[in-house]
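Fold and contact review
Spelled out, the chains give:
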Amino acid sequence: MGGHRLPPEVPVSHTTDLTAFIAGLPKAELHVHHVGSASPRIVAELAARHPDSPVPKDPEELAAYFTFRDFAHFIEVYLSVVDLIRDAEDVRLLTFEIARDMARQRIRYAELTVTPYSSTRRGVPDVAFMEAIEDARRAAEGELGVVLRWCFDIPGEVEGDIAAEETTRMACDLAPEGLVAFGLGGPEIGVARPRFKPYFDRAIAAGLHSVPHAGETTGPGTVWDALRELRAERIGHGTSAALDPALLEHLAEHRVPLEVCPTSNLATRAVATLEEHPLAAMVAAGVPVTIGSDDPPMFGTDLNTEYAVAARLLDLDAAGVAGLARSGVEASFLEPAAKARLTGEIDAYLAAWQG
């Protein structure tokens, strides 16, 4: 966490020519978590305000703290950062600062995965939470030119049904203006997707899109469950889908995008090396993919870095990278006119670059 560095598997020579192009490219980000996007400065500031937390107060110590042994350890560390968000002021500050970081990367639109239950269970009133994120959303669009939308997700690590029930209640009954989707995060092992079908049914009936995580640390069966039981319109990660040719064919035929986060998959040991990442196999099978950063400061990355990693794995030039950006817009839940405008920005930027 102390800077956005390319992983060692990505040669500098390959990315040098594309770095400036990627930095200025208008982009949409569809797989990025709210608390997981807290910058080192904000994390350290919050940790200093809450001295009972095990999170280091010194930004320089955070890199070591955010070195993960495995996915279970990542969840443990992630929740320690969640515990720093204790009131509506914390929520509003975090949300706006995330948008500020996005603006620096030319992210024009983002569907931010928000886990309201993680804050409300720690004492933040649900209405105050909604007001805080909405206030930050409006300010981000007006002051920074970043359009934010929300995906409320169920934290799968919480035992029992209370988290699912409360998340569904807040999504359906409080329904902030920016809310567009409903998801499921946390660990997959021991957390079967079909268990959450009643909650997704309610959210979908309320007009929300279904975007659960699946197939990150479990096999392709979890992705099938997300499709069949949760009616997934996009899949968070879906890394193991490449192990099942029939699943890849289904995703390609039905145009169900996978939200791919290469550095995250490496950091959580979902893949052993970037060389083994199945992104190329997914694309070769015709599956729509989008590139996301997941929990960027925790993984020492950002969306620009993830685009550079993807360009290397797919052997893309500037036009190919612009194609990835278009795919992100197409897979989003933006209204058609806004999609057309953002796609037009991407096309104009590429034309100017090539000219």
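Scope of this entry: the structure provided in the associated data block. (Residues numbered from 1 in each chain as written. Predicted model: local features only at pLDDT ≥ 70, side-chain atom pairs only at ≥ 80, totals over all residues. Heavy atoms only, no water.)

**Details of the packing of helix H14 (residues 303-314) against helix H15 (residues 318-331)**
As a packed pair, H14 and H15 sit with axes 10 Å apart at the nearest point and diverge in direction by 120°. With respect to H15, the element H14 is oriented oblique. Judged by the sense of rotation from one axis to the other, the crossing of H14 with H15 is right-handed. Taking contact as the criterion, the partners of Tyr307, Ala310, Ala311 and Leu314 in H14 are, on H15, Val321, Leu324 and Ala325. (Axes fitted to C-alpha atoms, helices over the stretch in contact; angles between N-to-C directions. Helix = DSSP H or I, 4+ residues; strand = E, 2+ residues; numbered from the N terminus. Parallel < 35°, antiparallel > 145°, perpendicular 65-115°, else oblique. Left-handed = near helix turned anticlockwise from the far one by under 90°. Contact = heavy atoms within 4.5 Å.)

**Digging into the nonpolar core**
Among the nonpolar cores identified, the biggest contains 112 residues, and Phe21, Met102, Phe196, Leu227, Ile235 and Tyr307 are the most heavily contacted of them. Sequence-distant contacts of methionine 102, defined by excluding residues within four places in its chain, comprise Val32, Ile107, Ala110, Leu112, Val146 and Leu148. Judged by nonpolar contacts, the second largest core, of five residues, contains Val180, Ala181, Val211 and Phe333. (Core = buried A, V, L, I, M, F, W, Y, C linked by side-chain atoms within 4.5 Å. Buried < 20%, exposed > 50% of the residue type's maximum accessible area, 1.4 Å probe, protein only.)

**Some points on unusual backbone geometry**
Even without being glycine, arginine 106 reaches a positive phi, approximately 65°. Position of arginine 106 among the secondary structure elements: in the loop between helix H5 (88-104) and strand S2 (107-114). Phi is positive for arginine 231, close to 55°, though the residue is something other than glycine. Relative to the elements of secondary structure, arginine 231 occurs in the loop between helix H10 (220-229) and strand S7 (235-237).

**A look at the sheet that holds strand S5 (residues 209-210)**
Read across the sheet, five strands follow the order S1-S2-S3-S4-S5 without closing on themselves; strand pairing throughout is parallel. Every other strand in the sheet has two partners, leaving strand S1 (27-33) and S5 as the edge strands with one partner each. Summarising the sheet, strand S3 (residues 147-155) and strand S4 (residues 179-185) pair through six bridges and their orientation is parallel. Considered in S4, the bridge of cysteine 151 is made with alanine 181. (Pairing = 2+ DSSP bridges.)

**Examining the pairing of S4**
Within S4, seven of the seven residues are buried, which leaves the element mostly enclosed by the surrounding structure. Crossover connection from S3 via helix H8 (residues 162-174) to parallel S4: handedness right-handed. Running through helix H9 (residues 197-205), the crossover from S4 to the neighbouring parallel element S5 is right-handed. (Right-handed = clockwise from strand over helix to strand, strands pointing away.)

**Quick word on the pattern of salt bridges**
Applying the stated criterion across every chain yields a total of 22 salt bridges. With a shortest N-O distance of 3.2 Å, aspartate 52 and arginine 86 are connected by a salt bridge. Here arginine 86 lies in the loop between helix H4 (71-82) and H5 and aspartate 52 lies in the loop between helix H2 (40-49) and helix H3 (62-65), a separation of 34 residues in the sequence. (Salt bridge = Lys/Arg side-chain N within 4 Å of Asp/Glu carboxyl O.)

**What about the packing of aromatic side chains?**
Within this structure, the stated rule accounts for seven aromatic pairs. Three or more aromatic residues joined by ring pairs make a cluster, and in this case those are Phe21, Tyr349 and Trp353. Over the aromatic face of phenylalanine 96 sits the side chain of arginine 92, whose NZ or CZ is 5.2 Å from the ring centroid. (Phe/Tyr/Trp six-rings, centres within 6.5 Å; stacked < 30°, edge-to-face > 60°. Lys NZ or Arg CZ within 6 Å of the ring centre and 35° of its normal.)

**Quick look at the sheet that holds strand S8 (residues 258-260)**
Taken in spatial order, the four strands make up an open sheet running S6-S7-S8-S9, and their pairing is parallel. At either end of the open sheet lies a strand with only one pairing partner, and these are strand S6 (213-214) and strand S9 (289-291). In terms of strand pairing, S7 meets S8 through two bridges, oriented parallel. Across the sheet, glycine 236 pairs through a bridge with glutamate 259, a residue of S8.

**A look at the environment of valine 211**
Mapping valine 211 onto the fold places it in the loop between S5 and S6. On the basis of relative accessible area, valine 211 is assigned to the buried category, the value being 6%. Taking the C-alpha atoms as reference points, valine 211 and leucine 174, separated by 37 residues in sequence, lie 19 Å from one another. Not counting chain neighbours up to four residues away, the residues in contact with valine 211 comprise Cys151, Ala181, Phe182, Gly183, Leu184, Phe200, Arg234, Glu259 and Phe333.

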